[in-house]
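Descriptive analysis of the structure
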Amino acid sequence: MDNIYVIRGRIEELYGKHSKLFDKAFQFILAMITFSMINQNTGFMKSLSSPVISLALAVVATFLPPMVIVVIAAVLVLAHTLAASIGIFAVSAMIFLIMYIFYIRLAPKMAFVVLLTPIAFVLKIPFLVPVACALIYTPVSLVPMSCGTVVFYMVEYLKKTSSASKASGSKAMLSEITTYVQKVFQNKEMWIYIVAFIIGFFVVYTIRRRELDHAWKIGIIAGAIADVVVTAMGSIALGVEISYGSLIFGNILAVIVGMILELFLFSVDYARSERLQFEDDEYYYYVKAIPKVAVTTPEKTVKKINERQETEIIDAEAVKRLSQDVTEETKAISVEPSANHKLRKETSRKTPYNNSEYRSPAQIRASQAKRHSPKRGPMPKKHDMKDVDKLLLTQSLENEFHASGKRKLQIKEKDRYRI
């Protein structure tokens, strides 16, 4: 059920963004169907029966208020009746004038009801109109609904008239007017439908305003049943042949459309209803509160798992050379500490032969400490302190030996010079 409410929310959101576009599209379709139906069912004036005329009038009426469609449709009917007979034209003009007076006074903003009623009769689903009007409008909508029913049967009579009347004289015109009025206003089928519309409307309207749980659903079903019963009883009582198949099918479709209208207009959660009581100095108030159904429309979030990357062309020779360079560099790094260690060992064993190269034990320790802390590679093995002392003692003895040797040479040279 939540998915249905989500779809409803998306439809409402879409209509809210493009409401003017949808309204004008609906108005154009309605005007096109109305004008085409009038021209096809009458067609006494050939110049107005062309589909191009219907299309042009529909385009013009789309950009004007809905009331203009009703006026243009009435003008088309009067034009065709004028081509058929002057007497029929006069009676039709009088009927339209009376309808217009009642319509303008009571229901000036219900032009769509007047237009949809004849179309519903043509589609064999007339009971769709009273059920929908009972859910949306007030009882005032019965006026344009009845006017639309009368207009449909007027056009039906003109449809049965095969050609324009050639009779002349007052008696012939009076006979045409009398026949026309009798065929339209003494049509038992028309009155059966009007009475069924009124009864079905009030059944739906009365029940859906009650505080009952699921009042709208009960009212829609009860109104459809009332339409079927009244129509069947009227056809039996007045001897009018009515197709019961289309009657039942039309009411089933009316129930389906009524449920859709309830979804958009009156969607509540009866499981969470509450009864509240208030009072003041003069009254007690008993209130039944039913929360509306509100479902948030989920937002779609796109999560990128693997983004598409550009393909890079790899040179096999370059990769091979790079790998060789890396291996050689690794070997050089591993060999360098051991080579440095050997070099330090040799230099430490090297014996100085000049006094200028003589270093004190503290200087030797400092240089060895610097040499034995390499920045890269493994740490060299540390010498034992005993070895260091032996090394220092050996170096000092060697320095003294070389110094004494130099002194002996200097004494010998002095002795030579004396001789």
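Residues numbered from 1 in each chain as written. Predicted model: local features only at pLDDT ≥ 70, side-chain atom pairs only at ≥ 80, totals over all residues. Heavy atoms only, no water.

The next subject is the pairing of strand E1 (residues 274-279). With zero of six residues buried, E1 lies mostly on the surface of the structure. A loop of four residues connects E1 with strand E2 (residues 284-289), the two strands running antiparallel in sequence. (Buried < 20%, exposed > 50% of the residue type's maximum accessible area, 1.4 Å probe, protein only. Helix = DSSP H or I, 4+ residues; strand = E, 2+ residues; numbered from the N terminus. Pairing = 2+ DSSP bridges.)

Positionally, serine 175 belongs in helix H9 (residues 170-185). With 88 residues separating them along the chain, serine 175 and glycine 87 place their C-alpha atoms 9.0 Å apart.

Here the focus is the nonpolar core. Of all hydrophobic cores here, the largest spans 70 residues; its most connected members are Phe35, Phe96, Met145 and Tyr180. Not counting the four nearest positions on each side in its chain, phenylalanine 35 is found in contact with Ser54, Leu57, Ala58, Ala61, Ile69, Ile72, Ala73 and Leu76. (Core = buried A, V, L, I, M, F, W, Y, C linked by side-chain atoms within 4.5 Å. Contact = heavy atoms within 4.5 Å.)

Contact pair helix H2 (residues 19-41) / helix H3 (residues 51-62): the axes reach a minimum separation of 8 Å and the direction vectors enclose 145°. Pair H2 / H3 crosses with right-handed handedness. Residues Lys24, Gln27, Phe28, Ala31, Met32, Phe35, Ser36 and Asn39 of H2 form the contact with H3, whose own contacting residues are Pro51, Ser54, Leu55, Leu57, Ala58, Val59, Ala61 and Thr62. A class-by-class count of the residues in the contact of H2 with H3 yields 10 nonpolar, five polar and one charged. (Axes fitted to C-alpha atoms, helices over the stretch in contact; angles between N-to-C directions. Left-handed = near helix turned anticlockwise from the far one by under 90°. Nonpolar A, V, L, I, M, F, W, Y, C, P; charged D, E, K, R; others polar.)

Averaged over all residues, the pLDDT of the protein equals 78, while 68% of them reach at least 70. Mean pLDDT in the protein bottoms out at helix H13 (residues 316-349), which sits at 54, and peaks at helix H10 (residues 188-208), which reaches 95. Counting interchain partners and residues more than four positions distant, the pLDDT-below-50 stretch residues 345-356 has 12 contacts. (pLDDT = per-residue confidence, 0-100.)

Moving on, we get to the side chain of arginine 8. In this structure, arginine 8 sits in helix H1 (residues 2-17). Not counting chain neighbours up to four residues away, the residues in contact with arginine 8 comprise Leu263, Phe264, Ser267 and Val293.

If you walk through the whole model with that rule in mind, you get 15 aromatic pairs. Taking 5.5 Å as the distance between ring centres and 90° as the angle between the ring planes, the aromatic pair formed by phenylalanine 127 and phenylalanine 197 counts as edge-to-face. Note that phenylalanine 127 is positioned in the loop between helix H6 (111-122) and helix H7 (128-136) and phenylalanine 197 in helix H10, a separation of 70 residues in sequence. With a centroid separation of 4.9 Å and 0° between ring planes, the pair formed by tryptophan 216 and phenylalanine 266 is classed as stacked. Here phenylalanine 266 lies in the loop between helix H12 (244-265) and E1 and tryptophan 216 lies in helix H11 (residues 215-238), a separation of 50 residues in the sequence. With a relative accessible area of 29%, phenylalanine 266 lands in the partly exposed category. A network of ring pairs unites the aromatic residues Phe121, Phe127, Phe152, Tyr153, Tyr193 and Phe197 as a single cluster. (Phe/Tyr/Trp six-rings, centres within 6.5 Å; stacked < 30°, edge-to-face > 60°.)

Residue position: serine 54 is located in helix H3. Using a relative accessible area of 2% as the deciding quantity, one classes serine 54 as buried. Within the structure, serine 54 has its side chain in polar contact with the side chain of asparagine 39 (distance 2.7 Å). With near-sequence residues (within four places) excluded, serine 54 lies in contact with Met32, Phe35, Ser36 and Asn39. (Polar contact = N/O pair within 3.5 Å; in protein donor to acceptor, adjacent residues only side chain to side chain.)

The final tally for this structure, using the stated rule, is five salt bridges. Two residues, aspartate 213 and lysine 288, come together in a salt bridge whose shortest N-O distance is 2.7 Å. One end of the pair, aspartate 213, is in the loop between H10 and H11; the other, lysine 288, is in strand E2, and 75 residues separate them in sequence. Linking lysine 217 and glutamate 262 is a salt bridge whose minimum nitrogen-to-oxygen distance equals 3.1 Å. Of this pair, lysine 217 sits in helix H11 while glutamate 262 sits in helix H12, and the two are 45 residues apart along the sequence. Residue classification places lysine 217 among the partly exposed positions, given a relative accessible area of 33%. For glutamate 262, a relative accessible area of 6% puts it in the buried group. (Salt bridge = Lys/Arg side-chain N within 4 Å of Asp/Glu carboxyl O.)

For helix H8 (residues 142-160), spanning 19 residues, the distance from its first C-alpha to its last is 27 Å, which sits close to the expected 27 Å at 1.5 Å a residue. Counting buried residues in H8 gives 14 out of 19 residues, a clear majority hidden from the surface. (Expected span 1.5 Å × (residues − 1).)

Turning our attention to H10. Across its 21 residues, H10 extends 30 Å between first and last C-alpha, which sits within 8% of the 30 Å expected from 1.5 Å per residue. Backbone nitrogen of glutamate 189 and a side-chain oxygen of the N-cap are separated by 3.1 Å at the start of H10; the cap is asparagine 187.

Another point: unusual backbone geometry. Even without a glycine there, the phi angle at lysine 124 is positive, about 65°. Positionally, lysine 124 belongs in the loop between H6 and H7. For lysine 124, a relative accessible area of 55% translates into the label exposed. Not every positive phi belongs to a glycine, and histidine 214 is a case in point at roughly 60°. Within the secondary structure layout, histidine 214 lies in the loop between H10 and H11. Judged by relative accessible area, histidine 214 falls into the partly exposed class, the value being 38%.

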